[in-house]
Every structure is written in C-alpha cells, then in structure tokens.
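Fold and contact review
These are the residues of each chain, in order.
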Amino acid sequence: MILLGYIPITKLKCLLAGTRKDQAYRLFHYCMSYILKLLIEAGKEGVLMTCCYDTILRKVDQARGRNPR
C-alpha cells in the first residue's frame, strides 16, 4: 500500500444535513482525481529521470518502468 496524499476529513457542518453526504462524496472524488491526475499523465507521457548508472537524463515510462522507444 502506498500513501499518495492526504484527503481532508470534515463533518461539513456548514451545509444542510440533507446535502452533507452528497457533498462529502463529491469532495472525496474531487480530491482523488486531483491526486491521481499527475500519475495518470506520467503513465501516458513518461517522466524525465536521472539514470543511476550514467547520470544522463532519460524519459522513463512509469507504467512499465522502462525507457520507452
């Protein structure tokens, strides 16, 4: 299990009782999409990383953990 970030926990007492559950659901999913947006982008586009062997900057495909060709 990997911790990607913290999601705010709130009772949302500023909202009406009938809308709290729906707003908490929306808040959770908004936070998850925000946190995962960069990971999805990195999986599609790759990320520039320094190679540990020769210290050359290379574009690495994070989804496969290899250099895309």
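Right above here is the structure, for reference.
All residue numbers refer to positions counted from 1 along the written sequence of the respective chain. Reporting in this predicted model follows two pLDDT cut-offs: at least 70 for local features of residues, and 80 or more for side-chain atom pairs to be given and counted; totals over whole chains, interfaces and linings ignore these cut-offs and use all residues. With hydrogens and water stripped out, all remaining heavy atoms of the structure feed into the side-chain values.

Across four bridges, strand β1 (residues 47–50) lies against strand β2 (residues 57–60) in antiparallel orientation. Residue pairing in the sheet places Thr50 in a bridge with Leu57 of β2. Strand pairing follows a simple DSSP-based rule, namely that at least 2 bridges must link the two strands. Think of it this way: any DSSP run of H or I at least four residues long counts as a helix, any run of E at least two long counts as a strand, and we number them from the N terminus.

Working definition: a ring pair exists when centres of Phe, Tyr or Trp rings (six-membered ring for Trp) sit within 6.5 Å. Plane angles under 30 degrees give stacked, over 60 give edge-to-face, the rest tilted. The tally for this structure, following the rule as stated, stands at one aromatic pair. Centre to centre, the rings of Tyr30 and Tyr34 are 6.4 Å apart; their planes meet at 25 degrees, and the pair counts as stacked. Residue Tyr30 and its partner Tyr34 are located together in helix α1 (residues 17–45), separated by four residues, close to a single helical turn. Whether a residue is buried, partly exposed or exposed follows from its accessible area with a 1.4 Å probe, protein chains only, as a fraction of its type maximum: under 20%, in between, or over 50%, in that order. Assessed through its relative accessible area of 57%, Tyr34 is described here as exposed.

With that settled, the discussion passes to α1. Expected span of a helix: the number of residues minus one, times 1.5 Å. Helix length check: α1 (29 residues) gives 43 Å between terminal C-alpha atoms against 42 Å at 1.5 Å per residue, within 8%. Take the seven residues that end at a residue and the seven that start at it, fit an axis to each, and the angle between those axes is the bend at that residue. The largest bend in α1 is about 35 degrees, located at Leu36. Remark: Gly46 follows α1 within two positions and exhibits a positive phi of approximately 90 degrees.

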